[in-house]
Amino acid sequence: MYKRILQTAEWLKAKMTTKPETAIILGSGLGELAKEIEDSLVIPYSEIPNFPVSTVEGHAGCMIFGKLGGKDILAMEGRIHYYEGYDMKEVTFPIRVMHELGIKTLFVSNAAGGTNPGYSVGDLMVITDQINFMPENPLRGANIPQGPRFPDMGHAYDPELIELANSIARENNIKVHHGVYLATQGPTYETPAEYRMFAHWGADAVGMSTVPEVIVARHCGIRCFGMSIITDLGGHAQVMKVTHEDVQKAAAKAQPRMATIMREMIKRS
Ligand code: HPA
């Protein structure tokens, strides 16, 4: 496994003309940000040795090296999800490679269902903590020498980056919630009973990504920042029907606000 990570990193290093320390995963809601990346070198996942390729509609797959907010960055347009059938090692493979390339800070975004009764569709949530409700921990198995066997998860999401996001949101008059993101394996959205259960557990939003990537990033010592777009609501008196199209529509609408915060954070961090 580790050998494959190194092999992929070496292949990418031979193509790279910059040395970014910041990476961003352009999940649902941040796709548009890819268009702002300047002087970019775009490499489709399908060309990268050992790289898993996303199959989901709306999740194009490529790595982009370029400048955003004046900073060298590495962007992943489209991510790999567990529900597609990949195992956890494949889902988190890109994070391991990022670490070998010298990435120190990771920005992630996602679409999520709001379980907090105070949330509305289109709201933004700064992720302050997470619950791993996926069937597996990506660190299961032989420890990869990028980090400790039993990593601390006390600050999975970096407190300084959360503070920076708060300042930027205030300056730009953007309302953000702060909450706990819980990841399920998907691909089903939740039943009303499941939404209620997750709310009782302390989750404010539910989605199908991010948690494995953040676990592996923390294992590698990469600091993380994450934001969710609340694209639907669950667990409330009224049952709301959720479709992938609704999720994408709500994410697209919230995209400019999320992009403003992320762009400015990358510039200043
Ligand atoms: N549940 C799980 N994943 C999601 C949801 C949801 O309600 N909305 C967007 N992604």
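Higher on the page you've got the structure.
Keep in mind that this is a model prediction, so the values were computed, not measured.

Asks: Help me out: how do you make sense of the pairing of strand 5 (residues 105–114) in this one?
Replies: Regular strands show a simple pattern: their side chains alternate between the two faces of the sheet. In terms of burial, strand 5 is a largely internal element, ten of the ten residues being buried. When strand 1 (residues 22–26) meets strand 5, the two strands line up parallel, connected through four bridges. Paired with Ile25 across the bridge in strand 5 is Val108. Bridge analysis of strand 5 against strand 9 (residues 223–233) gives ten bridges, and the strand direction is parallel. In the strand pairing of strand 9, Ala112 is matched with Ile230.

Asks: Please explain the nonpolar core as it appears in this structure.
Replies: Proteins that are soluble and globular tend to have nonpolar side chains buried together. Formed by 82 residues in total, the largest nonpolar core has its most connected members in Ile24, Leu106, Phe225 and Ile261. Of all the elements, helix 7 (residues 244–268) adds the most residues to this core, at eight residues. Residue contacts for Ile24: discarding those within four places in its chain leaves Leu30, Leu33, Ile73, Leu74, Ala75, Met76, Phe107, Met262 and Ile266. In terms of nonpolar packing, the next biggest core, distinct from the first, is built from eight residues, Ala111, Leu182, Tyr195 and Val206 among them.

Asks: Would you mind showing me how to read the site of the ligand here?
Replies: With respect to spatial proximity, the complete set of residues near the ligand consists of Ala111, Ala112, Gly113, Tyr189, Glu190, Tyr195, Val206, Gly207, Met208, Thr231, Asp232 and Val247. Within the contact set of the ligand, a nitrogen atom lies 3.4 Å away from a backbone nitrogen or oxygen of Ala111. Here Gly113 contributes a backbone N or O atom positioned 3.3 Å from a nitrogen atom of the ligand. Across the complex, the protein chains shield 96% of the 260 Å² of accessible surface that the ligand would expose by itself. In this structure the site holding the ligand corresponds to the largest pocket.

Asks: When you look at the layout of surface pockets in this model, what are you seeing that I'm missing?
Replies: Space left empty within the atom packing is revealed by a probe, the size of a water molecule, rolled over the atoms. Taken as a whole, the largest pocket holds about 370 Å³ of empty space. For the largest pocket, the lining is made up of 24 residues, of which Tyr83, Tyr189, Met208, His244 and Val247 are closest to its centre. Broken down by secondary-structure element, the contributors of at least two residues to the lining of the largest pocket are strand 5, strand 8 (205–207), strand 9 and helix 7. In terms of residue count, the dominant contributor to the lining of the largest pocket is strand 5 (four residues). Of the residues that constitute the lining of the largest pocket, the class distribution is eleven nonpolar, ten polar and three charged.

Asks: Is there a simple way to explain the packing of aromatic side chains in this structure?
Replies: What characterises a pair of aromatic rings is the spacing of the ring centres plus the angle enclosed by the ring planes. Applying the stated criterion across every chain, the model contains six aromatic pairs. Taken together, a centroid distance of 5.3 Å and an interplanar angle of 65 degrees make the contact between Phe133 and Phe198 edge-to-face. Of this pair, Phe133 sits in the loop between strand 6 (124–132) and helix 4 (159–171) while Phe198 is found in helix 5 (residues 192–201), placing the two residues 65 residues apart along the sequence. For Phe198, a relative accessible area of 2% translates into the label buried. Site record: aromatic cluster; members linked through ring pairs are Tyr45, Phe51 and Phe93. It is Lys15 that lies over the ring of Trp11; its NZ or CZ is 4.6 Å from the centre.

Parameters and conventions
- Residues numbered from 1 in each chain as written.
- Predicted model: local features only at pLDDT ≥ 70, side-chain atom pairs only at ≥ 80, totals over all residues.
- Heavy atoms only, no water.
- Buried < 20%, exposed > 50% of the residue type's maximum accessible area, 1.4 Å probe, protein only.
- Helix = DSSP H or I, 4+ residues; strand = E, 2+ residues; numbered from the N terminus.
- Pairing = 2+ DSSP bridges.
- Core = buried A, V, L, I, M, F, W, Y, C linked by side-chain atoms within 4.5 Å.
- Contact = heavy atoms within 4.5 Å.
- Near = heavy atom within 4 Å.
- Polar contact = N/O pair within 3.5 Å; in protein donor to acceptor, adjacent residues only side chain to side chain.
- Areas by Shrake-Rupley, 256 points an atom, 1.4 Å probe, with all protein chains shown as cover.
- 1 Å grid on protein atoms, 1.4 Å probe; cavity = no way out; pocket = protein on both sides within 12 Å on 5 of 7 lines; lining within 4 Å.
- Sits in = over half its atoms within 2 Å of the grid points.
- Points joined across faces, edges and corners; volume = space filled by probe spheres on them.
- Nonpolar A, V, L, I, M, F, W, Y, C, P; charged D, E, K, R; others polar.
- Phe/Tyr/Trp six-rings, centres within 6.5 Å; stacked < 30°, edge-to-face > 60°.
- Lys NZ or Arg CZ within 6 Å of the ring centre and 35° of its normal.

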